[in-house]
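# Examination of the molecular architecture
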Amino acid sequence: MKFFSLFILLLVALHPVSVAFNFIEIDLVKRKIILDDFCFGNYNINADVGFDFKQEDGSLIVNLEGKDIELLPRNLNDDLIGKRQMQYLSAKLVKKDNLLFVNYLRSPQLLARGKIDLDKNEMLLDIDCNWRENSSFIEGDIEGKIKVWGRIDDFLVNGSLDIKNGKYQDVDFSRLVFHFLGKPPLFTLNDSEIVLLDGNIYKIEGVMNLRDFSNILPKAEFISKKVNLGGWEIQSDDKTSVGLRRSVDDNFDILLDTYNRDDTVTNTGAEVRYKILDDQFLRLRMEDDRTIVGFERRKEF
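Along each chain, the written sequence defines residue order, and numbers are assigned to residues from 1. Since the coordinates come from a predicted model, pLDDT governs what is reported: local features require at least 70, and pairs of side-chain atoms require 80 or more to be given and counted, while whole-chain, interface and lining totals use all residues. The basis for every side-chain value is the complete set of non-hydrogen atoms in the structure, without hydrogens or water.

## Observations concerning the environment of Leu89
Selection criterion: Secondary structure elements are defined from DSSP: runs of H or I of at least 4 residues count as helices, runs of E of at least 2 residues count as strands, and each element is numbered from the N terminus.
Its place among the elements puts Leu89 in strand β5 (residues 84-96). In the structure, Leu89 is positioned 25 residues away from Leu64 in sequence and 7.6 Å away in space, judged by C-alpha atoms.

What follows is the structure, given as structure tokens:
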């Protein structure tokens, strides 16, 4: 999201009505946009971005090229967000009538495409990001897909972050997945989960708050989906079902579970499956009122 903020900043710099010139220097002779400790969010930005433009078929085409762009925390003692630096930033923007098309905006950490309606002050952007995060509040390899739409001063964000091989609040994990929707800095989480190194899986419900990087998940609930206990895997896919599963070997799988069959009757059962082929199983299931024997085709075991 910090890289996205820089992107919006550069676009605003090209629109004279919106820009605060006492913070940004635009040198038309040298064709440079210079930011010197420009205050934006939690960061001061230092950047020297070259640009060129030309008219073509009734459109204004603008190219941006910058190197060693530096983002410093406004509070130098704040080690949670830390210093950020992009080796390079390049963009191609095409202005036609009142529309500004972002053909691309790329750096080692992101790739963005979209358009901005300068008349309505509205935007639609798709952003892919990928970087290694090593800040004190979270670590891991991050991949993200983000969609931004709405007014520039009042926009919505929808997307996902997939963080692998990292740490959050001194908890090591193999994977942490956020699916979120909202307006910065508050996002509602859905279908989000954390997979710990021991294989335990917890669903995350609640709100992600970017105001406080020391606790971005305030009051969030971690609901067990898959927990290993004494060789048994405890499973709970929803509020109406829970089960115990154990793999005896590569072929035998034992399941003890309970689930709500018709929203009124809770059914319990024991099940043994034998793998015949990679996706085919011989299944024996015993319940209170019936016994089921048959074949089953599944993708997972």
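And the narrative resumes.
## Remarks on the pattern of salt bridges
Rule in force here: Here, a salt bridge means any Lys or Arg side-chain nitrogen found within 4 Å of an Asp or Glu carboxyl oxygen.
This model, assessed by the stated rule, comprises 10 salt bridges. For Arg132, the salt bridge is made with Asp141, and the minimal N-O distance between the two is 3.3 Å. Here Asp162 ties to Arg175 by a salt bridge, and the two come within 2.6 Å at their closest N and O atoms. With Asp162 in strand β10 (residues 154-168) and Arg175 in strand β11 (residues 171-183), the pair connects residues that are 13 residues apart, well separated along the chain.

## Some details on the environment of Leu156
The line we're drawing: Only protein chains enter the accessibility calculation, which uses a 1.4 Å probe; a residue whose area is less than 20% of its type maximum is buried, one above 50% is exposed, and one in between is partly exposed. Contact definition: two residues touch when any of their heavy atoms are within 4.5 Å.
Summarising the element assignment, Leu156 is placed in strand β10. Look at Leu156 and you get partly exposed, because its relative accessible area is 28%. As a C-alpha pair, Leu156 and Pro184 span 28 residues in sequence and 7.7 Å in three-dimensional space. Once residues within four sequence positions are removed from consideration, Leu156 is found in contact with Lys147, Val148, Trp149, Gly182 and Lys183.

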